[in-house]
Amino acid sequence: MYPKLLIVLSLFLLSYIFNLIAQPQEWQFIGLENEPINSIAVNPFDNSIIYAGSGSNFSAGTYGKLFKSINYGQTWDTLLTGISVSQIAIHPKKPYIIYVALASTNLTVPGIIKSVNSGSNWFKADSGITLNFEISVGAVAPHPDSIDVVYAGTGGFFGGKVYKSINGGEFWKAYNPDVLCCNFEEIEFDPIDPSTIYVASNRLYRSTNDGKSWSLIKDWTDVASGIKIAIDYENNNILYAGLGNDRLLKSFDKGSSWSFADSGITHNNYHELFIDPNKNNKLYTVTSGGVSKTEDSGNLWFPINDGFSENIYFRTISISSSGKNLYC
């Protein structure tokens, strides 16, 4: 009996130690101090390559920049300056193709820029998109199965639109704003069936035919200031939605019905939400309160903020395709 008990205790101890090792270590500062980083993107095939983009600040008189690291963030090169980055989107299968969505500020011009050589050169790729002093490009998303098809979303005080390009951003065509409304910062492809696309403003829409037609899934205009979504890559019936200034929800039927899935989260203005690429029951989100993680598909969340300095503003998170490195 005692040898069996010893074996059980040993296995328990090994499991406990393994879980401790598997937990993320405390956060370590890796550079770009005083840069208000709005987006981080990791090369899906070479996790040592990271892109980060910052925003401009009119009151401080500072310009945003686009950065690149080829050594896991140990050192950074400045690729561009004089911009205000909203989002960086690396093509999931052709990572040398990169799109950057740019915000409108009193210092910078909005739009979309593109590189086809991993950031060595950039060119404007927003012809056909309505742009002015108050309209920003909030999201850009290249189709995972095409190098030519790209979607983008804009927003501003008077609303924005969803656009589609079928020639790699050379020209864009807008969807009818009566069909898709109004300020868009989120575009996601179904990981199992990329012909299904979700776009979000304060409302969540879905297309099941590569954007030919759209359906309104849910209208959260009365409670949400923007929506962040994540789709389970093993069961695409499961959706998660972080409602800005409200709650985090989960659906088991592609959005027909929703239930709360935010136990343990105290700050509810969701800036980012995604699923670990190697464990679909593990999710991360970032709010004004910091980074939170769940390991049981959203039943219970807990903060993972050890190592952050005080009095900082959390904006975005990203994870490497290996699942080993989390960036904030």
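Attention in this report is confined to the structure presented alongside it. (Residues numbered from 1 in each chain as written. Predicted model: local features only at pLDDT ≥ 70, side-chain atom pairs only at ≥ 80, totals over all residues. Heavy atoms only, no water.)

## Some words on the sheet that holds strand β1 (residues 37-42)
Phase 1: Pairing within the open sheet is antiparallel, and its 4 strands lie in the order β1-β2-β3-β4. Of all the strands in the sheet, just β1 and β4 (77-83) have a single pairing partner and so form its edges. With strand direction ignored, the average angle separating the axes of adjacent strands in the sheet is 15°.
Phase 2: Sheet topology places strand β3 (residues 64-69) next to β4; 5 bridges connect them, and they run antiparallel. Its bridge partner being in β4, Phe 67 is matched across the sheet by Thr 78. (Pairing = 2+ DSSP bridges. Helix = DSSP H or I, 4+ residues; strand = E, 2+ residues; numbered from the N terminus. Axes fitted to C-alpha atoms, helices over the stretch in contact; angles between N-to-C directions.)

## Description of the pairing of strand β21 (residues 272-275)
Phase 1: The alternating pattern of β21 places Glu 272 and Phe 274 and Leu 273 and Ile 275 on opposite faces, both of which are buried.
Phase 2: When β21 meets strand β22 (residues 283-287), the two strands line up antiparallel, connected through 4 bridges. Bridge pairing in β22 places Phe 274 opposite Tyr 284. (Buried < 20%, exposed > 50% of the residue type's maximum accessible area, 1.4 Å probe, protein only.)

## What about a nonpolar patch on the surface?
Phase 1: Residues Tyr 96, Val 116 and Phe 123 make up a contiguous nonpolar surface patch of roughly 270 Å² in combined accessible area.
Phase 2: For Val 116, a relative accessible area of 43% puts it in the partly exposed group. (Patch = residues over 30% accessible without salt bridge, like charges linked within 9 Å, V, L, I, M, F, W, Y side chains within 5 Å. Areas by Shrake-Rupley, 256 points an atom, 1.4 Å probe, with all protein chains shown as cover. Salt bridge = Lys/Arg side-chain N within 4 Å of Asp/Glu carboxyl O.)

## Some thoughts on the packing of aromatic side chains
Geometry of an aromatic ring pair is reported as the spacing of the ring centres plus the angle between the planes.
Phase 1: As enumerated under the stated definition, the model contains 8 aromatic pairs in all.
Phase 2: With 5.8 Å between their ring centres and 65° between their planes, Tyr 151 and Phe 189 make a pair best called edge-to-face. Here Phe 189 lies in strand β13 (residues 186-189) and Tyr 151 lies in strand β10 (residues 150-156), a separation of 38 residues in the sequence. Comparing Tyr 151 with Phe 189 shows no difference in burial state: the two are buried. (Phe/Tyr/Trp six-rings, centres within 6.5 Å; stacked < 30°, edge-to-face > 60°.)

## Topic: the sheet that holds strand β12 (residues 173-174)
Phase 1: Spatially, 4 strands are ordered β9-β10-β11-β12 in an open sheet, and the strand pairing comes out antiparallel. Pairing within the sheet leaves two strands with one partner each, and these edge strands are β9 (135-142) and β12.
Phase 2: Two elements, strand β11 (residues 162-165) and β12, share 2 bridges in a ladder whose sense is antiparallel. Within β12, the residue paired with Lys 164 across the bridge is Lys 173.

## Considerations on the nonpolar core
Phase 1: Formed by 15 residues in total, the largest nonpolar core has its most connected members in Tyr 151, Leu 180, Ile 187, Val 199, Tyr 205 and Trp 214.
Phase 2: When residues of this core are traced back to their parent elements, those giving at least two are β9, β13 and β14 (197-200).
Phase 3: The contact partners of Ile 187, leaving out residues within four places of it in the chain, are Ala 139, Ala 141, Tyr 151, Ala 152, Gly 153, Ile 197, Tyr 198 and Val 199.
Phase 4: Membership of the second largest hydrophobic core comes to 14 residues, among which are Tyr 198, Leu 239, Ala 241 and Leu 243. (Core = buried A, V, L, I, M, F, W, Y, C linked by side-chain atoms within 4.5 Å. Contact = heavy atoms within 4.5 Å.)

## Here we look at the side chain of Ser 297
Phase 1: Relative to the helices and strands, Ser 297 is located in the loop between β23 (290-294) and β24 (301-303).
Phase 2: Judged by its relative accessible area of 18%, Ser 297 is buried.
Phase 3: Excluding its chain neighbours within four sequence positions, the residues that come into contact with Ser 297 are Tyr 240, Lys 250, Asn 280, Asn 281 and Leu 283.

## What to know about the state of the cysteines
Phase 1: Evaluation of the coordinates by the stated rule reveals 1 disulfide.
Phase 2: With its sulfur 1.4 Å from that of its partner, Cys 181 forms a disulfide with Cys 182. (Disulfide = S-S within 2.5 Å.)

## Thoughts on the environment of Lys 65
Phase 1: Looking at the element boundaries, Lys 65 is found in strand β3.
Phase 2: Between the C-alpha atom of Lys 65 and that of Gly 211, which follows or precedes it by 146 residues, the distance is 32 Å.
Phase 3: Beyond its immediate stretch of four places on either side in the chain, Lys 65 contacts Glu 35, Ala 52, Gly 53, Ser 54, Thr 78, Leu 80, Thr 81, Ile 83 and Val 85.
Phase 4: Polar contacts involving the side chain of Lys 65 include one to the side chain of Glu 35, which spans 3.1 Å.
Phase 5: A polar contact is formed between the side chain of Lys 65 and the backbone oxygen of Tyr 63, at a distance of 3.4 Å. (Polar contact = N/O pair within 3.5 Å; in protein donor to acceptor, adjacent residues only side chain to side chain.)

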